[in-house]
Amino acid sequence: MEDRILLAHGSGGKLSHDLIAKSFVSTLGNPILNKLDDSAVFELSGRLAFTTDSYVVSPIFFPGGDIGKLAVCGTVNDLSMSGATPLYLSLSFIIEEGFLITDLEKIVNSVQQAAAEAGVKIAAGDTKVVNQGSADKLFINTSGVGIVPTGVDISGANAKPGDKVIVSGTLGDHGIAVLSQREGLKFRVPVPSDCSPLNRLVAEMLETSANLHCLRDPTRGGLAATLNEFAQQSQVGINIDEESIPINKAVLSACELLGFDPLYVANEGKLLAVVAPADADKVLAKMKRNQYGREAAIIGEVVNEHLGRVVMNTRLGASRIVDMPVGELLPRIC
Amino acid sequence: MCLAIPALVKSINGHQAEVDIDGVTRQISIQLTPEVRVGDYVLLHTGYAINVIDEAEAEETLQLLRELSEAF
Amino acid sequence: MKFVNEYRDPELAKRLLGRIQHCSTRPIRLMEFCGGHTVAIFKHGIRQLLPQTIEMLSGPGCPVCVTANTDLDKAIALAHLPNVIITSFGDMIRVPGSYSSLQLAKAEGCDVRVVYSVQDALYIARDNPDKSVIFIGIGFETTAPTIAAAIWQAEQEGISNYYLLPLHKLCPPIMQALLDLGEVRLNGIICPGHVSSIIGSHPYRFIPDNYNIACVVSGFEPLDILLCIDMLVNQIETDQYKVEIAYRRGVKPEGNKPALRLMNTVFEVGQANWRGIGVVPSSGLRLKKRYQQFDAETNFDINPEPSREAKGCLCGSILRGVNTPLDCKLFRNSCTPEHPVGPCMVSSEGGCATYYHYGDTYGR
């Protein structure tokens, strides 16, 4: 078999079938996928959660993960943030002609491992190959479906004054890990991407409290984007405390080096939760017993002032607004 | 203007040095601070050391800060 | 981080603020010249914590904000030339010129790359011998020596496809020009810490000597800034004006001599075009004759369209400390970080961006 992906691999003929059999089904196989019918058919009942995301991260391999792991965790997490139990994912590849098949297999292995950890099945897939130059190596799209348990109502619009804001762990790890690999930056950070599936963590949090009001994973735009979204959707104010926000020392240094505010850096294995005050402590305790919540902390609360805005209490005891991020983070000299 | 952060010099190789900032490491140029030695802290600005940090002065400044604010 | 965290001690800060409150008896106006100080002050909420007697003004010390449209238009024109790779610090990418920006040029297919260090631009030149790599040289005296070092290295290593568009500016001349304009009455100036790391403190002597204005060189952590303000207040209260250094771990009075020598080997002083102020003599750097082979303007033929300023944009007077962003009709209306009209809104340390992001309601 050729060692690189050719246009023919995406054209539906023998090469395509061989690729699907050897590189995808053999690794990801399950009773639904193995049928290789045009659609996956299965029974589901209850309130469905449904989401889609495309993954275009560059570089595709980074410390702590790769685009395959990201593609599974990102969609699993989006489902989890609605309180859903994730069940099935679709997996679509757009591959640039010339891509190494061994790299593709590494990525598919990552997909399989992440799916196994999250307990989800890849039910449907697709592969397209485009001319060299028409895609940056590899793009992946995953859509996911899950079931929201009865009585669970989680939304960015549910925050209430008095609620506590909890973060599940250290901020900025993923953004900095990916950035450190980019051409032109060349620094080494001992902290890998935090890319992880959070569905079990969320399930445990839901077992502990019926008063989980909001959940979101602070991906692009970081904590700042997510908390601003909550504040605007719920029309409340949010106060956070600078001292209580967990950030790895190395990540903080990398941010200082490049002129980034860690509150704006992406995370792929963290969540922000807004919880009724009576339940905050026990939810926090439960989170800390999960491997993905060890460094969880209460970082602030919801208030009835400065509606729609997030304010941070600085180390010095003054306060400043934490605004919505604008555009991509660019290293600066000033 | 001018983001510059303290970085610890771990090794030197001609005009270049390897520095460490709380675990973050990078190759930088020491062309502007030829007097630097391993173990020094430098001010790192856009991949160049722009000065060697005077550790004695750093301690004196902290001492001054403590003295000035003692009565308040 | 060592030499950083100790200068963020909230307990010491509180007490130092108490001392400043106690010592500051009359209304005074201080200008933080440097954009990095503007950001640090807002980030830590220092303005709110200072006594009512102290009014803080932001100055033009943001190299991005003071880059004239004509110069940015040149950079964008260079980006459109065939076989050219433009390399730039991230700060400049989104700044709007008269008609476009480097970011837009990139979207149109130009090869525009952000680098963390000018040395990375040099490596890009070395790795792409069939292209011309042009570095957009912005910054004050902190950055200029690094750019000079890269030119020196290019000459040593025989890298002949590396070029510089030198837009570097100098602080003391612009401080003097600002004071001569007489538009704003100042009692003290917080001098830029890292510029001073290179040039030392002697170049600021004209400020107390000729203008009776207090002058202290400051670092960027909260305790550094508060110590600087305390020293400024002390000078003003005792009517004893001089140049002092609060940032002693990073600044010697004579500066960094090897860096200055390298700067003087590669560059010579010339006039510079400052946005909002105009052409100021002897306030910028250009390559010496011996290094003209690296000069982008000499080596490339560009004919950018005549430059124009955005109507209603108050960046100029904001940079001079005459207005605040709140006085600008475009601020928060047609001029936002997503759709900036002027550079003060794009640059992360521009006055307008700082006010927008950190909140005018939470500062003064």
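**Quick look at the overall build of chain C**
A count of helices and strands for chain C gives 16 helices and eleven strands. For chain C, whose C-alpha radius of gyration is 21 Å, the value lies close to the compact-globule estimate of 21 Å for 364 residues. Summarising its shape, the C-alpha atoms of chain C cover approximately 65 × 45 × 40 Å along the three principal directions. Out of the 364 residues belonging to chain C, those deemed buried represent 59%. Pairs at least 24 apart in sequence give 78% of the contacts found in chain C among residues at least 6 apart.

**Quick look at unusual backbone geometry**
For the bond running from A:Ser58 to A:Pro59, omega is 5°, close enough to zero to count as cis. Checked against the element boundaries, A:Pro59 lands in the loop between strand 1 (47-55) and strand 2 (61-62). Phi at C:Asn212 is positive, roughly 55°, even though this residue is not glycine. Along the chain, the position of C:Asn212 falls in the loop between helix 10 (206-211) and strand 8 (214-217).

**Brief notes about the packing of helix 6 (residues 118-127) of chain C against helix 7 (residues 144-156) of chain C**
Residue and element names in this part refer to chain C. Relative orientation of the contacting elements helix 6 and helix 7 amounts to 25°, with a least axis distance of 9 Å. Relative to helix 7, the element helix 6 is oriented roughly parallel. Where helix 6 crosses over helix 7, the handedness of that crossing is right-handed. Facing helix 6, whose interface residues are Val118, Gln119 and Leu122, helix 7 presents Thr146, Ile147, Ala150, Gln153 and Ala154. Residue composition of the contact of helix 6 with helix 7, grouped by class: five nonpolar, three polar and no charged.

**Some thoughts on the domain arrangement of chain A**
Residues and elements named next belong to chain A. What the domain assignment reports for chain A is domain 1 (7-148) and domain 2 (164-321). If you average the C-alpha positions of domain 1 and of domain 2, the two centres end up 27 Å apart. At the interface, 21 residues of domain 1 touch 20 residues of domain 2. Looking at the side of domain 1 that touches domain 2, the elements that each hand over two or more residues are helix 3 (67-80), strand 4 (85-96) and helix 4 (101-118). Grouping the amino acids of the side of domain 1 that touches domain 2 by side-chain chemistry returns twelve nonpolar, seven polar and two charged.

**So, the interface of chain B and chain C**
Residue-level contacts link 32 residues of chain B with 43 residues of chain C. Looking at the side of chain B that touches chain C, the elements with two or more residues in it are strand 1 (5-13), strand 4 (41-45), strand 5 (48-52) and helix 1 (55-69) of chain B. The greatest single-element share of the side of chain B that touches chain C, amounting to nine residues, is contributed by helix 1 of chain B. Taken together, the residues that form the side of chain B that touches chain C break down as 19 nonpolar, eight polar and five charged.

**A word on the sheet that holds strand 4 of chain A**
Residues and elements named next belong to chain A. As summarised here, the arrangement of the four strands in space is 1-6-4-5, forming an open sheet in which the pairing is mixed. Single-partner strands in this sheet number two, and they are strand 1 and strand 5 (121-130). Strand-to-strand twist in this sheet, taken as the mean axis angle between neighbours without regard to direction, amounts to 10°. In terms of strand pairing, strand 4 meets strand 5 through nine bridges, oriented parallel. The partner of Leu91 across the bridge, within strand 5, is Gly125.

**Looking at the packing of helix 2 (residues 35-44) of chain C against helix 16 (residues 351-358) of chain C**
All names here are of chain C. Helix 16 packs onto helix 2 with a crossing angle of 10° between their chain directions and a minimal axis gap of 10 Å. Taken together, the axes of helix 2 and helix 16 are roughly parallel relative to one another. Residues Thr38, Val39, Phe42 and Lys43 of helix 2 touch helix 16, and the partners they reach there are Gly351, Thr354 and Tyr358. Taken together, the residues of the contact of helix 2 with helix 16 break down into three nonpolar, three polar and one charged.

**Describing the pairing of strand 8 (residues 212-216) of chain A**
Residues and elements named next belong to chain A. In terms of burial, strand 8 is a largely internal element, five of the five residues being buried. Taken together, the four bridges between strand 8 and strand 10 (residues 272-275) define a ladder with antiparallel strand orientation. Its bridge partner being in strand 10, Cys214 is matched across the sheet by Val274.

**Points about the nonpolar core**
Within the largest apolar cluster, 261 residues are counted, with the highest numbers of intra-cluster contacts made by A:Val111, A:Ala254, A:Ala273, B:Val42, C:Leu16 and C:Val216. The leading source of residues in this core is helix 11 (residues 222-237) of chain C, at ten residues. Setting aside anything within four residues of it in sequence, one finds C:Val216 in contact with C:Ile190, C:Cys191, C:Cys228, C:Met231, C:Leu232, C:Glu244 and C:Ala246.

**Regarding the domain arrangement of chain C**
You'll often see interface size given as the accessible area lost when the parts meet. Residue and element names in this part refer to chain C. Considered domain by domain, chain C is made up of domain 1 (5-61 + 183-245), domain 2 (69-168 + 255-299) and domain 3 (315-359). With seven residues of domain 2 at the interface, the matching set in domain 3 holds ten residues. A class-by-class count of the residues in the side of domain 2 that touches domain 3 yields three nonpolar, one polar and three charged.

Thresholds, definitions, all that
Each chain has its residues counted from 1, following the order in which its sequence is written. Ligands are numbered from 1 and chains lettered from A, in the order in which they are written. Residue-level local features of this predicted model are given only where pLDDT is at least 70; pairs of side-chain atoms are given and counted only at 80 or more, and the full residue set underlies all totals for whole chains, interfaces and linings. Counting from the N terminus, the helices are DSSP H or I runs at least four residues long and the strands are E runs at least two residues long. For the radius of gyration, the atom set is restricted to C-alpha positions; the globular benchmark scales as 2.2 Å times the number of residues to the power 0.38. The burial criterion counts other C-beta atoms lying within 10 Å of a residue's C-beta, which is placed from the backbone; the residue is buried at 20 or more, exposed at 12 or fewer, and partly exposed between these limits. By definition, residue pairs are in contact when their C-beta atoms, positioned from the backbone, come within 7 Å. For helices, the fitted axis covers only the stretch in contact; all axes are lines through C-alpha atoms, and the angles between them, taken along N-to-C directions, range from 0 to 180 degrees. Angular relationships are summarised with four words: roughly parallel below 35 degrees, roughly antiparallel beyond 145, roughly perpendicular across 65 to 115, and oblique for the angles in between. A clockwise turn of the near helix away from the far one marks a right-handed crossing, whereas an anticlockwise turn of less than a right angle marks a left-handed crossing. Put simply, Ala, Val, Leu, Ile, Met, Phe, Trp, Tyr, Cys and Pro go in the nonpolar bin, Asp, Glu, Lys and Arg in the charged bin, and everything else, Gly too, in the polar bin. Reported domain spans reflect what an automatic or database domain assignment gives. A pair of strands is considered paired only if DSSP assigns at least 2 bridges between the two. What makes a nonpolar core is a set of buried Ala, Val, Leu, Ile, Met, Phe, Trp, Tyr and Cys residues, with links drawn between C-beta atoms within 7 Å.

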